[in-house]
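# Coordinates in review
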Amino acid sequence: MDAYLDIETTGFIGGYSYPTVVGIAIDFPGDWTVEQLVGEDITPAAIEHVLEGVTTIYTYNGGSFDLPFLAWKPGIDLRRNFRHQDLMHDCHRANLYGGLKVVERRLSIKRKLPDVDGRVAVDLWHKYQAGDKAALQTLLEYNLEDVENLPILRHKLERRGNRRT
């Protein structure tokens, strides 16, 4: 079973940064579900529970950011128990470079929140922490778009290269 994972954080690894949202889309046979863990709900046990039955995790730049970050905080090494496929490397093999949003634009993958990026996601979290509930909703919608667009990206790459990623 496949999963698509993306995280939002308060910054980069190191210092006082921590994950704020972990979005995981699970491609169950005949079903699709998305779980989003927020703030203190992001624990190794919660992540393992969501990923139960998964064999492969797909990310974009997850090999350099998402998975190392989660190994650091909250302390879960997903590479230990799951196969990982970083779609960014598949994009590079297809001569598609840049961040996820840049690649999505090149492949005509649409977004409802095209102006939200990682920096805005950090600001949204801080606004939420200051009491702005709407900021959390926007942050969750942004994370949801990321995880829902990963399988679209994967399938577009497969069609371009006539191979399975």
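The structure displayed is predicted, hence computed values, not measured ones.

## A look at the pattern of salt bridges
All chains considered together, the criterion is met by 7 salt bridges. Here arginine 93 ties to aspartate 90 by a salt bridge, and the two come within 2.2 Å at their closest N and O atoms. On the criterion of helical spacing, the pair formed by arginine 93 and aspartate 90 is a turn pair, its members being 3 residues apart in helix H3 (residues 87-93). Taking the relative accessible area as the measure of exposure, aspartate 90 reaches 3% and is therefore buried. Where glutamate 145 meets arginine 111, a salt bridge forms, and the shortest distance between an N and an O atom there is 3.7 Å. Of this pair, glutamate 145 sits in helix H6 (residues 133-161) while arginine 111 sits in the loop between helix H4 (100-106) and helix H5 (118-129); the two residues are 34 residues apart in sequence, bridging distant segments of the chain. On the basis of relative accessibility, which here comes to 9%, the residue glutamate 145 falls in the buried class.

## Regarding the environment of phenylalanine 12
Inspection of the secondary structure assignment puts phenylalanine 12 in the loop between strand S1 (2-9) and strand S2 (19-28). Residue phenylalanine 12 is classed as exposed on the basis of its relative accessible area of 67%. Aside from chain neighbours lying at most four places away, what touches phenylalanine 12 is Ser17, Phe65 and Phe69.

## Quick word on the nonpolar core
Generally speaking, soluble globular proteins have nonpolar side chains that are buried together. Within the largest apolar cluster, 20 residues are counted, with the highest numbers of intra-cluster contacts made by Leu5, Val22, Ile24, Ile47, Leu51, Leu70 and Leu78. Where this core is concerned, the elements lending two or more residues are S1, S2, helix H1 (44-50) and helix H2 (66-72). Setting aside its immediate chain neighbours within four residues, isoleucine 47 contacts Ile24, Leu37, Ile42, Leu70, Pro74, Ile76 and Leu78. Judged by nonpolar contacts, the second largest core, of 16 residues, contains Tyr58, Cys91, Val103 and Leu107.

## Re the environment of arginine 83
Structurally, arginine 83 can be placed in strand S5 (residues 83-86). In this structure arginine 83 comes out as partly exposed when scored by relative accessible area, which is 44%. With 81 residues separating them along the chain, arginine 83 and aspartate 2 place their C-alpha atoms 9.5 Å apart. Contacts of arginine 83, omitting those with residues within four sequence positions, involve Thr55, Thr56, Ile57 and Tyr58. A distance of 3.1 Å separates the side chain of arginine 83 from the side chain of glutamine 85, its partner in a polar contact.

Rules of the game
Residues numbered from 1 in each chain as written. Predicted model: local features only at pLDDT ≥ 70, side-chain atom pairs only at ≥ 80, totals over all residues. Heavy atoms only, no water. Salt bridge = Lys/Arg side-chain N within 4 Å of Asp/Glu carboxyl O. Helix = DSSP H or I, 4+ residues; strand = E, 2+ residues; numbered from the N terminus. Buried < 20%, exposed > 50% of the residue type's maximum accessible area, 1.4 Å probe, protein only. Contact = heavy atoms within 4.5 Å. Core = buried A, V, L, I, M, F, W, Y, C linked by side-chain atoms within 4.5 Å. Polar contact = N/O pair within 3.5 Å; in protein donor to acceptor, adjacent residues only side chain to side chain.

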